[in-house]
Amino acid sequence: MSDSLVVQGGTPLSGTVAVGGAKNAALKHMVAALMAPGRHQIENVPEILDVEIMGRVLEHVGALCRRDGKTLTIDVPEHPIPEAPLELVRQMRASILVLGALLARTGEARVALPGGDDFGSRPIDFHIEGLEAMGATFDLRHGVLYGAAPDGLVGTDVFLEFPSVGATENLLLAAVLAKGVTTIGNAAREPELVDLAQYLGSMGAKIDGAGTSTIEIHGVEGLTAASHRTVPDRLEAGTYLVAAAMTAGTVTVSDCRPEHLRMELRKLTAAGCEITTSATSVTLTGPERPVALDISTLPYPGFHTDMHPQMVTLLSVAEGTSLVTENIYAGRFRYLGELNRMGAEIHADGQHVVIRGVTQLSGCEVDACDIRAGAALTIAALRAEGETVIRDAHHLDRGYDGWVPKLASLGADIRRV
Ligand code: EPU
């Protein structure tokens, strides 16, 4: 039987919570380590399930991962095994990044097609097209993608159809060891990608423009192992801020980078929250009842799709009707039915979510269907009248380090059963 969270709603959160390193950066750093043989050290790595799974992917490839607290030491062999097996890749989409890394390092890659969260179809065509433009060839047999670049990858101009985070990262990894210059146009600009570029830079890669929509990479002959500290997790920070807002509490989120949450903080302010920031912290006081507002999810620096379920939850108790438009994923609405079972009045129409604010939610049994849905349902439960049981809590383990103890330290009545 799967784990559940039991939450007794109604306590305003208060206190300080420190966020850890970003899941979506640390996972990429682990793959990036494969680019250089020798001993790497990655600090500020969250203790979450996805990092464990990525550790197993690396071990399959021949690398050795050791954790000491939040520090991961990775020993990368001279000749990695160019293969990522289905049982691991199917559990986590981020493992598709080994494609670019292994092709660049070994001239071949056998990678099962990825799984991950159920947000509708999540193809990898941009990854493949970009790597093909760099000279790789691909063949899909029995669910496994066989990539080859026996003479090495060659730098070229790639212009992405959409600023895909994963495709930009895959091409970045491939390009740092390619011959000549690669330009990635319409590149993703996410802070985690900038962090990846910095880590690669400390290994000796030549990268310009990370964080802008055009990245230029001058390929080098080889890289050397390096150390890196992972950027703070803006999604973890944002999630605790919405939890504070939902309970009309006052919470300081420390060890974060407020400049990475500009759009989310703007929307929380528009919803009636009082927010002050320092260089590394955000303090938020939530309103008795939030104000309705409209949000569209967009690539960074727009409003993050991974903050959408949490924000819809906050708006479910707002005064007035809100509209949230999801522009990144075709399907991210399975959690809405669960929120409605708690008394919310929300309906989805195509990519739009219409939220008619209600005065109160009431606890019941709900199912978490992915990481952010699990976070959103916990946030709903923190305000709801009575007890909520959130089943399939393992989804939260994939993305939030210390979810239950951190919320409990802010005064939440929450336990795991
Ligand atoms: N897309 C394609 N073709 C491609 C690649 C992407 O059509 O070849 C589409 C996707 O289907 C999606 C959109 O483009 O509709 C954006 O996908 P993107 O490639 O940007 O996302 P990703 O790299 O697969 C990362 C995060 C996600 C986050 C998205 C968007 C990791 C491990 N995952 O996914 O994080 O939602 O960027 O910011 O970095 C999470 O942390 O909960 C999570 C799902």
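**Student:** Can you tell me about the pairing of strand β9 (residues 144–148), naming the residues and giving the values?
**Tutor:** What you see with β9 is a clean split: Leu145 and Gly147 sit on the buried side and Val144, Tyr146 and Ala148 on the side with no burial. Sheet topology places strand β7 (residues 108–112) next to β9; five bridges connect them, and they run antiparallel. The residue of β9 that forms the bridge with Ala112 is Val144. Pairing geometry for strand β8 (residues 137–141) and β9, over five bridges, is antiparallel.

**Student:** Please set out the packing of helix α11 (residues 334–341) against helix α12 (residues 371–383) residue by residue, giving values where relevant.
**Tutor:** Between α11 and α12, whose axes approach to 10 Å, the crossing angle comes to 15 degrees. For the element pair α11 / α12, the angle class is roughly parallel. Between α11 and α12 the crossing geometry is right-handed. Only Ala373, Leu377 and Ala380 of α12 make contact with α11, whose side of the interface consists of Tyr335, Glu338 and Leu339. Split into classes, the residues belonging to the contact of α11 with α12 amount to five nonpolar, no polar and one charged.

**Student:** I'd like a rundown of a negative patch on the surface, residues and numbers included.
**Tutor:** A contiguous patch of negative charge, built from Asp125, Glu129, Glu132 and Glu161, is present on the exposed surface. Structurally, Glu129 can be placed in helix α5 (residues 125–133). Of the residues examined, Glu129 reaches a relative accessible area of 45% and is grouped as partly exposed.

**Student:** Mind laying out the domain arrangement of the chain, listing which residues take part and the relevant values?
**Tutor:** According to the domain assignment, the chain consists of domain 1 (5–20 + 232–416) and domain 2 (23–229). The centre of domain 1, based on its C-alpha atoms, is set 30 Å off from the matching centre of domain 2. Every contact between the two is made by 23 residues of domain 1 and, on the other side, 21 residues of domain 2. Approximately 2000 Å² of surface area, both sides summed, lies buried where domain 1 meets domain 2, with 49% of it carried by carbon and sulfur atoms. Three residues stand out in domain 1 for area buried against domain 2, namely Tyr300, Arg398 and Asp401, and they jointly supply 33% of the buried area on that side. Summed over the shared surface of domain 1 and domain 2, the result is three salt bridges. Residue Arg234 pairs with Glu192 through a salt bridge whose shortest N-O separation is 2.7 Å. Linking domain 1 with domain 2 are seven residue pairs in polar contact (both at pLDDT 80 or more), by the criterion used here.

**Student:** Now, about the packing of aromatic side chains: what can you tell me, with residues and values included?
**Tutor:** In total, this model carries two aromatic pairs according to the counting rule given. Both rings, one in Tyr240 and one in Trp403, keep their centres 5.5 Å apart while their planes meet at 40 degrees; by these two values the pair is tilted. In this pair, Tyr240 sits in helix α8 (residues 234–246) while Trp403 sits in helix α14 (residues 403–409), placing the two residues 163 residues apart along the sequence. Here the aromatic rings of Tyr400 and Trp403 are separated by 4.8 Å at their centres, their planes lie at 40 degrees, and the arrangement is tilted.

**Student:** Describe in detail the packing of α5 against helix α6 (residues 165–176), supporting the description with residues and values.
**Tutor:** At their nearest, the axes of α5 and α6 sit 8 Å apart, and the two run at 25 degrees to each other. When the interaxial angle is binned, α5 and α6 end up roughly parallel. Remark: the crossing between α5 and α6 carries right-handed chirality. Residue-level inspection shows Phe126, His127, Gly130 and Leu131 of α5 in contact with α6, the latter providing Gly166, Ala167, Asn170, Leu171 and Ala174. Across the contact of α5 with α6, the residue classes break down as five nonpolar, four polar and no charged.

Calculation criteria
- Residues numbered from 1 in each chain as written.
- Predicted model: local features only at pLDDT ≥ 70, side-chain atom pairs only at ≥ 80, totals over all residues.
- Heavy atoms only, no water.
- Buried < 20%, exposed > 50% of the residue type's maximum accessible area, 1.4 Å probe, protein only.
- Helix = DSSP H or I, 4+ residues; strand = E, 2+ residues; numbered from the N terminus.
- Pairing = 2+ DSSP bridges.
- Axes fitted to C-alpha atoms, helices over the stretch in contact; angles between N-to-C directions.
- Parallel < 35°, antiparallel > 145°, perpendicular 65-115°, else oblique.
- Left-handed = near helix turned anticlockwise from the far one by under 90°.
- Contact = heavy atoms within 4.5 Å.
- Nonpolar A, V, L, I, M, F, W, Y, C, P; charged D, E, K, R; others polar.
- Patch = residues over 30% accessible without salt bridge, like charges linked within 9 Å, V, L, I, M, F, W, Y side chains within 5 Å.
- Areas by Shrake-Rupley, 256 points an atom, 1.4 Å probe, with all protein chains shown as cover.
- Salt bridge = Lys/Arg side-chain N within 4 Å of Asp/Glu carboxyl O.
- Lys, Arg positive; Asp, Glu negative; His and termini not counted.
- Charge placed at Lys NZ, Arg CZ, Asp CG, Glu CD.
- Domains from an automatic or database assignment.
- Buried area = accessible area lost by both parts, 1.4 Å probe.
- Polar contact = N/O pair within 3.5 Å; in protein donor to acceptor, adjacent residues only side chain to side chain.
- Phe/Tyr/Trp six-rings, centres within 6.5 Å; stacked < 30°, edge-to-face > 60°.

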